[in-house]
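So the chains spell out like this:
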Amino acid sequence: MRRLLFQGLVRSPLSEPIADDAELVALGASLDRAAQRRLGRSLSIREVDAGSCNGCELEINALSNPFYDMERFGLRLVASPRHADVLLVTGPVTRNMREALERTYDAMPAPKWVVAAGDCAMNGGCFKGSYAVLDGVAAVMPVDLRIPGCPPRPVDLLRGLLALMVRSPGT
Amino acid sequence: MTLQLATWRELPGTGRLVEGHRPWPRVIVDAEVWQAATEDVAAGRWSLAGLWGDVDAAHMALLHGSEIAVLSIACPDRHFPSVGLRHPPAVRLERCIADLFGLIADGAADTRPWLDHGRWGVSHPLGAGGRSERPVSYSFLAAEGEGIHQIPVGPVHAGIIEPGHFRFHANGEAVVRLEARLGYAHKGVERLMQGETVADAAQLAGRVSGDSCVAYAIAFARAVEVALGVEAPPRAAWLRGVMAEMERLANHLGDIGAICNDAAFALMLAHMGALRERVLRTADACFGHRLMRDRVVPGGVAVDLDASKIAMLTALLKEIMERLPALVTLYDETASLQDRTVGTGRLAPALALQFGAGGFVGRASGRDFDTRHDLPYPPYDTLSFEVPVLEEGDVNARVWIRIREVQQSVSLMEQMLSCLPDGPLRVTLPLRAGEGLAMVEGFRGDVLAWVRLDAEGRLLRCHLRDPSWFQWPLLEAAIEGNIVADFPLCNKSFNCSYSGCDL
Ligand code: SF4
C-alpha cells in the first residue's frame, strides 16, 4: 500500500482541466443573477434515479473518479435532499417513481434547482409514450437545466453543472 | 398422480412441437406435463432459465446441460398451474406475469403484485388491459419476536444507485429478514417493443440495463438472427466478443473498487475507477461510444476496427495487466479490508444451484455455469478460456471470481484481436416469421432473449430475462444474520440490476 500511495505523490495527477468555453457561458446565461449570488461557488447535489436504465448513473458516478474529480469544482453529491441545492434527475420518470421524486424535491430547502440529465429525463427518450412513464422530469416539476445524451458524457455533465455556478456576462 | 418425465429427450414428444422455433424446441403441453416438468425442476433435475407470459399462454425455459427446451401452456381461461408453488425461484416471475398479462398462477402462495404499484392507470398492460383498481398499499412479509424492529430503506438511496425498496426486520444489529420490493424502474419495455421493427426494438433492448447494453444487444440480435435463420458474419461475431469483454472489464474493474469503497477502503476505488475510466475512453475512441451502445445490431455490428484501434485496445490490455497485480495484492494483504469481506454475506451453494444463479454470484457459490462455455456461441466456441469457480460464497469469493474474470477477459481479447477474421460486418435480414431464443453471458450472468417475429419483420412479442431475477432473492438469503451495516457491502458484491428486472 505504501508504494501505491508514494506513486500517487510522484505521478502527475489524472484530473484534467475542463474547458471554460462559450457553451458553458451560454448555459450559465439561462440562470438568473440572484440564483448565482446565493449559490456562491459551491453546489450540493442530490441525485435521483427516476427509472433510468442505470447508464446515466454510471456516468454520474464517473464524475467522482480521479479524471473528473468533481469535488475540486465545489460540486458535491449529498445523501440528503435537505442538504441539497440541486436535484439531479435521470430517467423518464416512471409512474412508480413519481411520488418518491416529488417527495425528494419537496424535502429540499429553497432556493432549489432541477437538472434533467439524459435524453430520458428530458422527454422520455426511447421510452416516451409508454403507459409506465411520464415522458420526462418537466411533467412533474419545473426544470432549470437540461443535459442531453444517452447517457451524457461525464464532461457534458460537468459542464452543465458548472454552468449553474458560472456568472452570466454582465453580472 | 403426477406424470413422470423419464428423460430430457422425451420432452419434445410430450406435446405439440412448434414449427419455426429455433434453435431449441418449443412444445405446447397440457397441464399434466407442465406440472410434471415443474416437479422435475423442483427436484433439481433441470434448472429454470425463464418463465414469461404471452397474451394467452405462459412459457417456461428449461436448462439441462448444454440444451434448452421451452414449454408452453395455453391459458384460455387465464390460469396456469403455478411453478412457484413447488419451485420458489419462479414466484416473482409469476407475480410479474399476473401484473402484465393478468394470467393467474393457480395455487401460488404469494399473490401480491410485483411490478404493478397501482400507479399505471391500467391493469394488465400486455394482456386484455382495462382500468386499474389496484390499491397503492403493499404488505411486506412479517418477522415476529421480541425486540424485532423494521427499517425501511429506499426507493431513493443515499448513494447514486438505482431505485428499489428494502425492508429489513432486524434484531438489534442483526438482520432477521430482508425483503426487496422492486418495480420502481418499470418502463414498459416489452410493451413498447410490440409492433416495432427489429431495428427500433434493438435500441430498446440496448437500454434495458445501462451497464449491460452490449450483452443485451447481443442477446436480442442473436434471438432475431436465429429466428430468421441467419448468422452474423465471423468478423461481426468477433467484434461483438471484443465489445462484450470490454463491457465485462469496465464493470468488474469498477465494481471491485466500489465493493472495497463500501468497506471504507477508498484507495481501491480511486485506482479501480481510473482503470475503468481508461476502458470506457478506449471504448469511446475505438467504437464511438463509452458504453458501446447501439454498436451491436441485428445482423452484425455497426462499427469496425482498423489497425490503429486494435493497437489502442492492445495498449489498454497491457496497462491493465501492468497495474492490476499491485492492486490485487493490496486487496489481498489489507487486513482491515479482508476482515470485512471474508465470511460476509455467505450464499450457500445449494441455494445458488436451486435458483440457477448465473454470473459471479453463482460461480462464487460453486455453480459452474457460464453461457460462453456451456451454450457456446461465436466467437467463444473457438477461443480458449477458463471459468473460475469457488465454493465459499462470501463477498470475498465474489470479488475473487471477478478478479479472475478480468484476467480471462484480457486473455480472450488478446486472442480475438490477434486474429480478427476478415469479411463483411453485417448480413441483410430476410423478412419472414419465426421465433428465436438466445442466451448470452453478460457480466452479471446469463441474459435470455426470446422473440416472435411476423412476416413483415416486426416484433409480435419479445421477452428479456435479466440474470438478476435469480440473484435478487439470494441476496435476501445471504444477508440473513449479517449486521445491517454490512448490507451495502453485500448488495454491491451481488450488484443485481434493478432496471434489468423491472424492464
Ligand atoms: S438517457 Fe440513455 S443512458 Fe440515460 S437513462 Fe435514458 S436510456 Fe439510459
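Residues numbered from 1 in each chain as written. Chains lettered and ligands numbered in written order. Predicted model: local features only at pLDDT ≥ 70, side-chain atom pairs only at ≥ 80, totals over all residues. Heavy atoms only, no water.

Notes on the overall build of chain A
For step 1, the next point in the chain: Within chain A one finds seven helices and five strands.
For step 2, the next point in the chain: Secondary structure elements of chain A occur, N-terminal to C-terminal, as α-α-α-β-α-β-β-α-β-α-β-α.
For step 3, the next point in the chain: Buried residues in chain A amount to 53% of all 171 residues.
For step 4, the next point in the chain: About 7,500 Å² of surface is accessible on chain A, with carbon and sulfur atoms providing 51% of the total. (Helix = DSSP H or I, 4+ residues; strand = E, 2+ residues; numbered from the N terminus. Buried < 20%, exposed > 50% of the residue type's maximum accessible area, 1.4 Å probe, protein only. Areas by Shrake-Rupley, 256 points an atom, 1.4 Å probe, with all protein chains shown as cover.)

Structural notes on the overall build of chain B
For step 1, the next point in the chain: Looking only at helices and strands, chain B features 16 helices and 16 strands.
For step 2, the next point in the chain: The C-alpha radius of gyration computed for chain B amounts to 22 Å, which stays within 12% of the reference 23 Å derived for 503 residues, consistent with globular compactness.
For step 3, the next point in the chain: Taking the principal axes of the C-alpha coordinates as reference, chain B spans close to 65 × 60 × 45 Å.
For step 4, the next point in the chain: Relative to its 503 residues, chain B shows a buried fraction of 61%.
For step 5, the next point in the chain: Across chain B, every contact between residues at least 6 apart in sequence was considered, and the portion connecting residues at least 24 apart equals 68%.
For step 6, the next point in the chain: Of the roughly 17,300 Å² of accessible surface on chain B, 53% is carried by carbon and sulfur atoms.
For step 7, the next point in the chain: Positive and negative side-chain charges in chain B, numbering 48 and 62 respectively, have mean positions lying 4 Å apart. (Rg over C-alpha atoms; globule rule 2.2 N^0.38 Å. Contact = heavy atoms within 4.5 Å. Lys, Arg positive; Asp, Glu negative; His and termini not counted. Charge placed at Lys NZ, Arg CZ, Asp CG, Glu CD.)

Quick look at the sheet that holds strand β14 (residues 434-441) of chain B
Residues and elements named next belong to chain B.
For step 1, the next point in the chain: The four strands lie next to each other as β2-β14-β15-β16, forming an open sheet whose pairing is mixed. Across the chains shown, the open sheet's two edge strands, defined by having one partner strand only, are β2 (21-22) and β16 (459-465).
For step 2, the next point in the chain: Sheet analysis places strand β15 (residues 446-453) next to β16, joined by six bridges and oriented antiparallel. By the bridge assignment for β16, Trp 450 is matched with His 463. (Pairing = 2+ DSSP bridges.)

Let's talk about helix α1 (residues 31-42) of chain B
Residues and elements named next belong to chain B.
For step 1, the next point in the chain: Between its first and last C-alpha atoms α1 spans 16 Å; for twelve residues at 1.5 Å apiece the expected length is 16 Å, and the two agree.
For step 2, the next point in the chain: Its buried side turned inward, α1 meets β4 (47-53), β5 (57-64), β6 (67-74) and β7 (79-81).
For step 3, the next point in the chain: Gly 44, located one to two residues past α1, shows a positive phi value of around 85 degrees. (Expected span 1.5 Å × (residues − 1).)

A closer look at the nonpolar core
For step 1, the next point in the chain: Grouped together as the largest cluster of nonpolar side chains are 160 residues, with contacts concentrated most on B:Trp34, B:Leu62 and B:Phe220.
For step 2, the next point in the chain: Residue contributions to this core peak at 14 residues, all from helix α6 (residues 234-262) of chain B.
For step 3, the next point in the chain: Counting 23 residues, the second largest nonpolar core, distinct from the first, contains A:Leu63, A:Leu158, A:Leu162 and B:Ile160. (Core = buried A, V, L, I, M, F, W, Y, C linked by side-chain atoms within 4.5 Å.)

Here's the deal with the layout of surface pockets
All names here are of chain B.
For step 1, the next point in the chain: Approximately 710 Å³ is the volume found for the second largest pocket.
For step 2, the next point in the chain: Residue assignment for the lining of the second largest pocket shows that the elements contributing at least two residues are α2 (91-101), β8 (104-106), β11 (174-181), α10 (349-354) and α14 (472-479).
For step 3, the next point in the chain: In terms of residues, the lining of the second largest pocket owes the most to one element, α2, which gives six residues.
For step 4, the next point in the chain: For the lining of the second largest pocket, a count of residues per class yields 18 nonpolar, five polar and eleven charged. (1 Å grid on protein atoms, 1.4 Å probe; cavity = no way out; pocket = protein on both sides within 12 Å on 5 of 7 lines; lining within 4 Å. Points joined across faces, edges and corners; volume = space filled by probe spheres on them. Nonpolar A, V, L, I, M, F, W, Y, C, P; charged D, E, K, R; others polar.)

Thoughts on the sheet that holds β11(B)
All names here are of chain B.
For step 1, the next point in the chain: Pairing in this open sheet of three strands is antiparallel, and the strands run β9-β10-β11 from one edge to the other. At either margin of the open sheet sits one strand with a lone partner, and together these are β9 (148-153) and β11. Within this sheet the neighbouring strands show an average axis-to-axis angle of 20 degrees, counted without direction.
For step 2, the next point in the chain: Summarising the sheet, strand β10 (residues 165-171) and β11 pair through seven bridges and their orientation is antiparallel. Pairing of Arg 167 across the sheet is with Glu 179, part of β11.
For step 3, the next point in the chain: Where α14 meets the sheet, it contacts β10 and β11, and its direction lies at approximately 165 degrees from that of β11. (Axes fitted to C-alpha atoms, helices over the stretch in contact; angles between N-to-C directions.)

Focus on the confidence of the model for chain A
All names here are of chain A.
For step 1, the next point in the chain: Across chain A, the average pLDDT comes to 84, with 78% of residues at or above 70.
For step 2, the next point in the chain: Long-range and interchain partners of residues 26-34, a stretch whose pLDDT sits below 50, account for 16 contacts in this model, where long-range means more than four residues apart.
For step 3, the next point in the chain: In the model, residues 167-171 has pLDDT below 50 throughout and makes seven contacts with residues more than four positions away in sequence or in other chains. (pLDDT = per-residue confidence, 0-100.)

As for the site of the ligand
For step 1, the next point in the chain: Around the ligand sit A:Ser52, A:Cys53, A:Gly55, A:Cys56, A:Gly118, A:Asp119, A:Cys120, A:Gly149, A:Cys150, A:Pro151, B:Arg207 and B:Arg293, and those are all the residues in its vicinity.
For step 2, the next point in the chain: Residue neighbours of the ligand fall on chains A and B, so the site bridges chains.
For step 3, the next point in the chain: Contributing elements (two or more residues each) for the shell around the ligand: α4 (55-62) and α6 (119-123) of chain A. (Near = heavy atom within 4 Å.)

Examining the environment of A:Val86
Residues and elements named next belong to chain A.
For step 1, the next point in the chain: Tracing the backbone shows Val 86 in strand β3 (residues 86-90).
For step 2, the next point in the chain: For Val 86, a relative accessible area of 0% corresponds to the buried category.
For step 3, the next point in the chain: The spacing of Val 86 and Tyr 131 is 45 residues in sequence and 29 Å in space, taken between C-alpha atoms.
For step 4, the next point in the chain: In contact with Val 86, not counting residues within four places along its chain, are Leu 43, Ser 44, Ile 45, Arg 46, Met 108, Trp 113, Val 115 and Leu 164.

Overview of the packing of α6(B) against helix α7 (residues 266-287) of chain B
All names here are of chain B.
For step 1, the next point in the chain: Where α6 contacts α7, the two axes come as close as 7 Å, and the packing angle between them is 160 degrees. Compared by their axis directions, α6 and α7 come out roughly antiparallel. Of the two elements, α6 crosses α7, and the hand of that crossing is left-handed.
For step 2, the next point in the chain: Looking at the contact of α6 with α7, its residues break down into 18 nonpolar, five polar and one charged. (Parallel < 35°, antiparallel > 145°, perpendicular 65-115°, else oblique. Left-handed = near helix turned anticlockwise from the far one by under 90°.)

Digging into the packing of aromatic side chains
For step 1, the next point in the chain: Enumeration according to the criterion identifies 13 aromatic pairs over all chains in this entry.
For step 2, the next point in the chain: The interplanar angle of 70 degrees and the centroid separation of 6.4 Å between the aromatic rings of B:Tyr331 and B:Trp400 together place this pair among those described as edge-to-face. Pair noted here: B:Tyr331 is in helix α8 (residues 307-333) and B:Trp400 is in helix α13 (residues 395-418), with a separation of 69 residues, a long-range link.
For step 3, the next point in the chain: A relative accessible area of 1% places B:Tyr331 in the buried class.
For step 4, the next point in the chain: The cationic tip of B:Arg181 hangs over the ring face of B:Tyr138; the distance from NZ or CZ to the ring centre is 3.9 Å.
For step 5, the next point in the chain: For B:Lys187, the ring lying beneath its charged end belongs to A:Phe127, and the centroid distance is 5.5 Å. (Phe/Tyr/Trp six-rings, centres within 6.5 Å; stacked < 30°, edge-to-face > 60°. Lys NZ or Arg CZ within 6 Å of the ring centre and 35° of its normal.)

Some words on the interface of chain B and chain A
For step 1, the next point in the chain: Between chain B and chain A, the residue contacts involve 53 residues of the former and 48 residues of the latter.
For step 2, the next point in the chain: Between chain B and chain A the total buried area reaches about 4,000 Å² when both faces are included, carbon and sulfur atoms providing 60% of it.
For step 3, the next point in the chain: Run the count over chain B and chain A and you get three salt bridges.
For step 4, the next point in the chain: One salt bridge connects A:Glu59 with B:Arg290, and the closest N-O pair in it is separated by 2.5 Å. (Buried area = accessible area lost by both parts, 1.4 Å probe. Salt bridge = Lys/Arg side-chain N within 4 Å of Asp/Glu carboxyl O.)

Details of the environment of B:Pro298
For step 1, the next point in the chain: With respect to the element layout, B:Pro298 can be found in the loop between β12 (296-297) and β13 (300-301).
For step 2, the next point in the chain: On a C-alpha basis, the gap between B:Pro298 and B:Ala199 in space is 7.1 Å, while along the polypeptide they are 99 residues apart.

Thoughts on unusual backbone geometry
For step 1, the next point in the chain: Backbone torsion omega between A:Ala110 and A:Pro111 reads 0 degrees, so that peptide bond is classified as cis.
For step 2, the next point in the chain: Here A:Pro111 lies in the loop between α5 (98-107) and β4 (113-117).
For step 3, the next point in the chain: Residue B:Gly154 is joined to B:Pro155 through a cis peptide bond whose omega torsion reads 15 degrees.
For step 4, the next point in the chain: Residue position: B:Pro155 is located in the loop between β9 and β10.

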